[in-house]
There are 2 protein chains.
Amino acid sequence: MADLPALLRAELGDVVVTDPAALEAARSDYSGQRSDSAPLAIVEARTVADVQTALRFAHAHRLPVVPRGAGAGLTGGAMASAAQLVVSTSRLSSIVEINAADQLAVVQAGVLNADLGRAVEPHGLFFAPDPASREISTIGGNIATNAGGLLCAKYGVTREAVLGLTVVLADGSLLELGHRTVKGVTGLDLTALMIGSEGTLGIVVEATVRLLPLPTGDPATLSATFVDVVAAAAASTAITAARLRPAAMELIDARALSAIHEHLDLPTPAAESVQLLVQFDGASAGADAGVALAILRELGAQVAMTVDAEEGERMLAVRRAFHPAMAARGSVLIEDLAVPRSALPAMVAQIRAIEERFGLEIPTVAHAGDGNLHPNLIYTGDTVPAEIWEAAGELFRAALALGGTLTGEHGVGTLKRRWLEEELGTPQLDLQRRIKEVFDPLGIMNPGKVF
Amino acid sequence: MADLPALLRAELGDVVVTDPAALEAARSDYSGQRSDSAPLAIVEARTVADVQTALRFAHAHRLPVVPRGAGAGLTGGAMASAAQLVVSTSRLSSIVEINAADQLAVVQAGVLNADLGRAVEPHGLFFAPDPASREISTIGGNIATNAGGLLCAKYGVTREAVLGLTVVLADGSLLELGHRTVKGVTGLDLTALMIGSEGTLGIVVEATVRLLPLPTGDPATLSATFVDVVAAAAASTAITAARLRPAAMELIDARALSAIHEHLDLPTPAAESVQLLVQFDGASAGADAGVALAILRELGAQVAMTVDAEEGERMLAVRRAFHPAMAARGSVLIEDLAVPRSALPAMVAQIRAIEERFGLEIPTVAHAGDGNLHPNLIYTGDTVPAEIWEAAGELFRAALALGGTLTGEHGVGTLKRRWLEEELGTPQLDLQRRIKEVFDPLGIMNPGKVF
């Protein structure tokens, strides 16, 4: 067998990395999973041309390619193994353009979500998708998984924030998709098709993203404490039903709350305390919060409210510390179920029932404003135990029975592939596979992921 | 040759229509175009099963199928000609479910946009896409073209309002796409791919659509009069740049304004008067309108302002009368260019230049809040004269040179096919064609449209 890394280095030079530590790191991501072996090499692309050269090479040698950003994914989508070539876009980290008049930015795929936010803030603008990983995850990774975050109930997910993409296809060719305009319907919407495709159709190297005006005034934030998770979920449903539109509405169940408090060295919360955080922004923030306050109290919550932005951010920081708090407890299988918003109380009740049935603790947080739950299954060791898979399967089926879906914002990767057909059905899955073949006839793009 | 309509009638009964007047009507839509001959038959589907039967039949006989809703399209996408079978979804007009708690509705494809709006209003909700045709166009047609309207700068286009679809594929099989949840990323986003595909991939028979809470309070509406269209366009850009978010911002140029006034029997506007209508909604409507008022006056406009909802609606009614006013003048080729918002002044200047170069009048309105312009080319007779095509081509190329696109919200149909490759480039167009082949290997779905 030819020494492929050496051949590729002859074309690309030092951006081809074969350092064992780097190869070892590419075996895993934030899913807690690890592939069974290290990849062949990593291309740390510095230019779009590097990505094109790497894919032309891979195509010629039928070498499987694993696209990778910061490796912050939660489902194993960027995990690489033996005889695979990792193409990393994390060094493609230029903000090419910030256009305040058109409220858009052009960014390379490796720009960190939070860095973009900080760059556009002086223009009075923000980039709406705000995954909990925003300090460490790239825009390219956000696009690969159609990432959400705390603000999507009001401001939409990544798909709503992307106007156009530059993509390198499996054969190394470059494709420009979409527009700099906010509207456009010239043929099939391949931009939307690419978003959430988890590196199976090509590698996003650049994106034109939509920015929104920062809301005026300070947000109003409520922290409501319940003693019953179903009551807390019902309260979030009541707030939606009252046609309020919180910018963020986050539920933290008792197990999650006590784990976070421990992790952050905060005082231990009262036993069985469940927290619902609700933040309103814009001109009606105070008035909306007042209405929500009355609803929450009516439903039995202890509620604290602030119209101070920093104090509100401190309240939300509790939620943002969830993933680190879980990671500190062992290996974690993070679910990402979404249900219709009114089904949130039924779904949290199901989680409790599955906890009891399996004798497990399943700390759970939810983006309650859009019915997206993250139950966390904790275990020890490198391999997910069969029982944990079984409980996860039960959770997924409960969500499906409530009209829900397997993944709201993390994607399928390797972790959720086993359930994909159950949700999509065989005909749709076949159709999706055939569309993938149009983009990638040799099947070299992120094989074993999603499909 | 077999008597295909008779064979199909044997399967479907009276929903197979061969009445000459009905066949004649199916030759055209609101594009002002007409196909060169009448189709074979029309299936006026009463059930989803009717659509499936029709497509199974067409598939077996390799009979081209033209999906049709209300025939309100503006680009010829629903026009049918000889040896084609029209499958109409306009009788599939049930609102299946309105779910206020989940802020969604399930509707059949033939439901009229405005009927859905009226049905959900008592729940305090609205369906955001509001094409000027909303009283006569169907949700299915809106989905086929990814329709926009007056409200999309703030509330998004049809793509942002659709959660899931039921689609009949070319072989008659039924496909369920998407979710009842507001988030979901299980595999490729085929729902988004279907939206704007103009009947080339399958026939949408049902949709789960997202509803939004009606804004509270009365809107504030401004009617600003300029004497220079470039100044009016610059004012709309200034309002966006001030990070205001109008619910609607509509520009009506002098030729359009005088035609509308004539059509509505309103007093003749002053010569060269250009109107910019700006409406704000929600809690900050009055305050936002105050800021906009100052900007507009600073830029030299005469401005009237109202915080009365009915008076505001009367102001917008002028804009909504544009298409009828044009249709009353003769045959119309309606362009649908979109440019980055800051390029709107440059684009209207280009339109003036092209008017002069060709010695034509090109009445123009624009959804100024999202840079989407509708220049109208008026001519006489059934066939678009070569000179009109040439002027339209110049308009398109001017938009493209400004970073714009061929069509913001009307789609490609037959009218804009000639320019599609120029915008997309050959590689993307090839990719789109191959994706179409996955859905429709025999090429029977709406042949000659888009591609």
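Rules behind the numbers
Residues numbered from 1 in each chain as written. Chains lettered and ligands numbered in written order. Predicted model: local features only at pLDDT ≥ 70, side-chain atom pairs only at ≥ 80, totals over all residues. Heavy atoms only, no water. Axes fitted to C-alpha atoms, helices over the stretch in contact; angles between N-to-C directions. Helix = DSSP H or I, 4+ residues; strand = E, 2+ residues; numbered from the N terminus. Parallel < 35°, antiparallel > 145°, perpendicular 65-115°, else oblique. Left-handed = near helix turned anticlockwise from the far one by under 90°. Contact = heavy atoms within 4.5 Å. Nonpolar A, V, L, I, M, F, W, Y, C, P; charged D, E, K, R; others polar. Salt bridge = Lys/Arg side-chain N within 4 Å of Asp/Glu carboxyl O. Buried < 20%, exposed > 50% of the residue type's maximum accessible area, 1.4 Å probe, protein only. Domains from an automatic or database assignment. Buried area = accessible area lost by both parts, 1.4 Å probe. Polar contact = N/O pair within 3.5 Å; in protein donor to acceptor, adjacent residues only side chain to side chain.

A.B. asks: Teacher, can you tell me more about the packing of helix α9 (residues 229–241) of chain B against helix α14 (residues 344–358) of chain B here?
C.D. replies: Packed helices, taken two at a time, are described by the angle their axes make and the gap between the axes. Residue and element names in this part refer to chain B. Packing of α9 against α14 brings their axes to within 8 Å, and their N-to-C directions diverge by 160°. Taken together, α9 and α14 sit at an angle that is classed as roughly antiparallel. Considering only the axes of α9 and α14, their crossing is right-handed. Contact residues: Val229, Val230, Ala233, Ala234, Ser236 and Thr237 in α9; Leu344, Pro345, Val348, Ala349 and Arg352 in α14. Class assignment of the residues belonging to the contact of α9 with α14 gives a composition of 8 nonpolar, 2 polar and 1 charged.

A.B. asks: Even after reading the chapter, I still don't get the pattern of salt bridges, so can you show me in this structure?
C.D. replies: If the charged atoms of two oppositely charged side chains come close together, the side chains can form a pair. By the definition in use, this model includes 49 salt bridges over all chains. Between Arg320 of chain A and Glu313 of chain A there is a salt bridge, with its nearest N and O atoms 3.5 Å apart. For Glu313 of chain A, a relative accessible area of 34% gives the class partly exposed. A salt bridge links Arg255 of chain B to Glu355 of chain B; the nearest nitrogen and oxygen atoms lie 2.5 Å apart. Of the two residues, Arg255 of chain B is situated in helix α10 (residues 254–263) and Glu355 of chain B in helix α14; the sequence distance between them amounts to 100 residues. For Arg255 of chain B, a relative accessible area of 25% puts it in the partly exposed group. Three or more residues are tied together by salt bridges with common partners; here these are Arg255, Glu272, Arg352, Glu355 and Glu361 of chain A.

A.B. asks: Teacher, can you tell me more about the domain arrangement of chain A here?
C.D. replies: How big an interface is tends to be expressed through the accessible area that disappears when the partners come together. Residues and elements named next belong to chain A. Taken domain by domain, chain A comprises domain 1 (4–88), domain 2 (95–213) and domain 3 (220–401). Taken over both partners, the interface formed by domain 1 and domain 2 buries close to 1,200 Å², and the fraction arising from carbon and sulfur atoms is 72%. In this assembly, domain 1 and domain 2 are joined by 0 salt bridges. For the pair domain 1 and domain 2, the interface holds 1 residue pair in polar contact (both at pLDDT 80 or more). Mapped onto the side of domain 1 that touches domain 2, the elements with two or more residues apiece are α3 (48–61) and β3 (65–68).

A.B. asks: Quick question: what am I supposed to make of the interface of chain B and chain A here?
C.D. replies: Taken together, the 77 residues of chain B in the interface contact 78 residues of chain A. Counting the surface lost from both chain B and chain A, the interface buries some 6,200 Å², and carbon and sulfur atoms represent 61% of this. Our count for the contact surface shared by chain B and chain A stands at 6 salt bridges. The partner of Asp370 of chain B in a salt bridge is Lys183 of chain A, and the shortest N-O contact between them spans 3.6 Å. Where chain B touches chain A, the interface holds 29 residue pairs in polar contact (both at pLDDT 80 or more).

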